[in-house]
Every structure is written in structure tokens, then in C-alpha cells.
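As a plain string of letters, each chain reads:
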Amino acid sequence: MDNELFQITLLGTGSPSPNLTRHHPAALVEWGANGHMLVDAGDGVVNQILAAEKNLGAVENIALTHMHWDHILGYPALVWGGWSAGRNRMSVTGPVGTRDMHHQLVENYYREQAEWAIDLGFARDGFDAVRVRDVAVGWSEMLDGCLVEAGPVYHPPMDALAYKFTYQGRCLVVTGDTARCDELVQFVQDVDVLVIDACAVTPGDDLPPARRKIIERLHEFHASPQDCVDIAAAANVGKVVLTHHLPGVMPEVDASAYAGEVIIGNDLDVIDVT
Ligand SMILES: [Zn+2]
Ligand SMILES: [Zn+2]
């Protein structure tokens with residue numbers, strides 16, 4: 001019945017700082033009957049999948065935006081957790097470095113324990129049938145009727161990707177971490193929903209100088225909340241969803257020049273792509 005479903009559930013809308021109400025970056029995109037892609041796997045992703053009442057064992061498709069630790073700390077937990085929940089295949093897509101990350105964090109460290117679990121009776125495919133591939137801007141594939149494409153962002157010094165999902169004429173982009181760049185504005189032209197990194201806030205005057213300096217430097221590789229709205233306006237985006245929030249900061253934006261809707265994303269928010 002649910003052929004029209006196309007939505008994104010924000011699983012983690014936080015920054016690297018540990019926070020009970022804003023987990024590390026992760027979001028589950030779902031379409032049609034079974035189509036899905038988990039974008040990023042920050043710390044807490046397994047619990048957040050459960051908190052969102054999703055079937056952990058059915059999460060088989062993962063796209064990682066980049067290898068910064070706040071986007072992948074939950075990855076080994078996802079490999080193990082999904083396996084425990086009955087998952088028997090997994091496809092992992094990400095920029096250069098993704099295969100190496102899987103090898104180092106999962107295969108290298110946990111192979112011996114996995115063999116022990118298999119000996120106990122865990123299905124071998126749950127650990128072995130994990131296809132991990134490094135891709136680049138321009139990569140695309142059809143997945144359960146949805147066109148998934150990798151696009152450009154600016155997040156030096158990392159190799160990083162945005163992902164675009166086009167399903168039944170509707171379009172969603174999840175940027176991962178990025179500063180404003182022209183290539184991104186082009187990539188998100190006319191999309192219905194844009195979920196974008198808004199981490200680079202203006203530091204308050206009351207902050208200690210060392211903390212202030214860190215936040216000021218964020219602008220070199222993250223967008224500010226205002227950048228997000230400006231990008232959405234420049235690209236004629238229908239709805240812009242701000243995420244990757246620093247703790248205790250409420251982003252302020254001037255949206256008077258933007259005709260669309262601005263959403264400050266919170267953990268477990270569900271946004272329909274319409
Ligand atoms: Zn990053
Ligand atoms: Zn990040």
C-alpha cells in the first residue's frame with residue numbers, strides 16, 4: 001500500500017559533543033515498500049534506529065558521507081547490532097576511505113570474535129556478506145525504484161559526499177558536512193527537501209577565547225545556519241532542514257528572502273519528501 005512513502009527520519013542531529021537529546025549524525029531515508037538508505041552512522045545510531053521503531057535487522061543499505069569520527073563511531077555497532085537482529089547482507093557506500101575504515105574498524109579487529117559468534121550459530125552471511133565500496137562524485141544507482149546519486153560538498157581536508165534521492169518525481173538531498181560551495185548549490189537545485197549541516201554558528205561573546213576560536217574555525221568547513229537558508233533560496237529548494245547542531249545553540253536565521261520552509265531538525269523528526 002505504501003508505494004507513495006518517501007521520508008527521512010533524523011536519527012542524530014547533534015555535533016561531535018556527546019549529548020543525550022542530539023545524537024551524532026545519522027538519518028534513515030525510506031521510500032516505497034522496502035526502499036531505504038541509512039545516511040551516516042554516528043554514535044548512538046543503533047539505539048536511535050530502535051527509538052524510531054525501525055526494524056534494525058532490515059537496515060541493509062548504508063551511505064556514509066565521510067570518515068570523520070562523529071559520522072562513523074556507531075558503524076561497528078551497526079554491523080554487530082544488525083547482525084544480532086537478523087540482517088544477513090549489507091551494502092555500504094562512501095567516499096575514498098570507506099573500505100579501509102571497514103577493514104580497520106570491523107574486519108581487522110573483530111574477525112576473530114565474528115568467527116567465534118559464527119561458531120555459536122550466528123549466520124555467516126551477516127558478517128561476511130558486507131559489500132563495501134568507495135565511490136566518487138557522479139556515482140549513481142537505482143535502488144528499489146529510487147535513483148541515488150553522490151554529489152559534491154566542501155569539507156576540507158576530507159573526501160566527502162552528499163547524497164541525492166529521486167523517487168517518483170520527488171527529490172531529497174542529505175549533504176553530510178559541508179561549507180557553502182557553488183557545486184553544492186547546483187547539485188541541490190530545485191530539490192524538494194534539503195537536509196544540511198548548519199554547524200558553523202556565530203560564537204557568543206560570553207564564550208572563553210579558546211572555545212570561541214574553535215567555533216570560528218568551523219566556518220572553514222561547515223555551513224552556518226544562514227548559509228543553509230541562503231543556499232536553499234539560491235537553489236529554489238522547497239524545504240530546508242538544518243542539522244548538526246552544537247549543544248545548547250538555537251540557530252538564528254533571516255529567512256525573509258526565502259520562499260520555502262525552514263525546519264530546525266531534532267532527533268527522531270520525520271520529514272516527508274513532498
Ligand atoms: Zn566532518
Ligand atoms: Zn560532522
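Before going into details, it helps to say that this report is about the structure given with it.

1. What to know about the sheet that holds strand β2 (residues 26-31)
By definition, the strands of a sheet pair up through backbone hydrogen bonds, in either a parallel or an antiparallel sense. The strand order β6-β5-β4-β3-β2-β1-β14 describes an open sheet built from seven strands, whose pairing is mixed. In this open sheet, the two strands that pair with only one neighbour each are β6 (130-134) and β14 (270-272). Across the sheet, the mean angle from the axis of one strand to that of its neighbour is 20°, orientation sign disregarded. Across the sheet, helix α3 (residues 75-84) lies against β3 (35-39), β4 (61-63), β5 (90-94) and β6, angled at about 165° from β5, the strand it touches most. Helix α4 (residues 98-120) contacts β5 and β6 of the sheet and is inclined by roughly 140° relative to β6.

2. Some words on the packing of α3 against α4
The relative placement of two packed helices is expressed as an angle between their axes plus a distance between the axes. In contact at an axis separation of 10 Å, α3 and α4 are set at 30° when each is read in the N-to-C sense. Between α3 and α4, the interaxial angle falls into the category roughly parallel. In this structure, α3 crosses over α4, and the sense of that crossing is right-handed. Where α3 abuts α4, its residues Y75, P76, V79, W80 and W83 lie against M101, H102, L105, V106, Y110, Q113, A114, A117 and I118. Here the residues of the contact of α3 with α4 are counted per class, giving twelve nonpolar, two polar and no charged.

3. Looking at the coordination of the zinc ion (ligand 1)
Ligation of the zinc ion (ligand 1) by protein atoms is provided by H66 (NE2), H68 (ND1), H155 (NE2) and D177 (OD), these donors lying 2.1 to 2.3 Å from the ion. Note that the zinc ion (ligand 1) binds four donor atoms; their angles at the metal cover 90 to 167°, and the shape is irregular. Binding-site remark: the zinc ion (ligand 1) is held by donors from one chain whose sequence spacing is H-x1-H-x86-H-x21-D.

4. A word on the nonpolar core
Burial of nonpolar side chains together is a common tendency in soluble globular proteins. Grouped together as the largest cluster of nonpolar side chains are 30 residues, with contacts concentrated most on L38, V45, L64 and Y75. Within the residue set of this core, elements represented by two or more residues are β2, α1 (45-51), α3, β5, α4 and β6. Ignoring sequence-local partners within four residues, the contact set of L64 consists of D40, A41, H71, I72, Y75, V92, T93, G94, P95, T98, M101 and Y163. The next biggest cluster of nonpolar side chains, apart from the first, holds 27 residues, and it includes V39, C146, Y163 and L172.

5. Quick look at the coordination of the zinc ion (ligand 2)
Around the zinc ion (ligand 2), the protein supplies D70 (OD), H71 (NE2), D177 (OD) and H244 (NE2) as donor atoms, at distances of 2.1 to 2.4 Å. Because the angles between the four donor atoms bound to the zinc ion (ligand 2) fall within 88 to 161°, the donor set is best described as irregular. In the primary sequence, the donor residues of the zinc ion (ligand 2) line up as D-H-x105-D-x66-H. Owing to a relative accessible area of 3%, D177 belongs among the buried residues under this scheme.

6. Some words on empty space enclosed by the protein
Any space left empty among the atoms is revealed by the rolling of a water-sized probe across them. Overall, the coordinates contain one cavity of 30 Å³ or more when judged by the stated rule. Taken as a whole, the largest cavity encloses approximately 170 Å³ of empty space. Lining the largest cavity are 18 residues, and of these G12, P25, A26, V174 and T243 lie nearest its centre. Per-element tally for the lining of the largest cavity: the top contributor is strand β11 (residues 193-197), with three residues. Residue classes in the lining of the largest cavity are distributed as eight nonpolar, seven polar and three charged.

Cut-off values and rules
Residues numbered from 1 in each chain as written. Chains lettered and ligands numbered in written order. Predicted model: local features only at pLDDT ≥ 70, side-chain atom pairs only at ≥ 80, totals over all residues. Heavy atoms only, no water. Pairing = 2+ DSSP bridges. Helix = DSSP H or I, 4+ residues; strand = E, 2+ residues; numbered from the N terminus. Axes fitted to C-alpha atoms, helices over the stretch in contact; angles between N-to-C directions. Contact = heavy atoms within 4.5 Å. Parallel < 35°, antiparallel > 145°, perpendicular 65-115°, else oblique. Left-handed = near helix turned anticlockwise from the far one by under 90°. Nonpolar A, V, L, I, M, F, W, Y, C, P; charged D, E, K, R; others polar. Donors = N, O, S within 2.8 Å, 3.2 Å for Na, K, Ca; no water. Tetrahedral: all angles 85-135°; square planar, octahedral: opposite > 155°, others 65-115°. Core = buried A, V, L, I, M, F, W, Y, C linked by side-chain atoms within 4.5 Å. Buried < 20%, exposed > 50% of the residue type's maximum accessible area, 1.4 Å probe, protein only. 1 Å grid on protein atoms, 1.4 Å probe; cavity = no way out; pocket = protein on both sides within 12 Å on 5 of 7 lines; lining within 4 Å. Points joined across faces, edges and corners; volume = space filled by probe spheres on them.

This is a description of form; function is not addressed.
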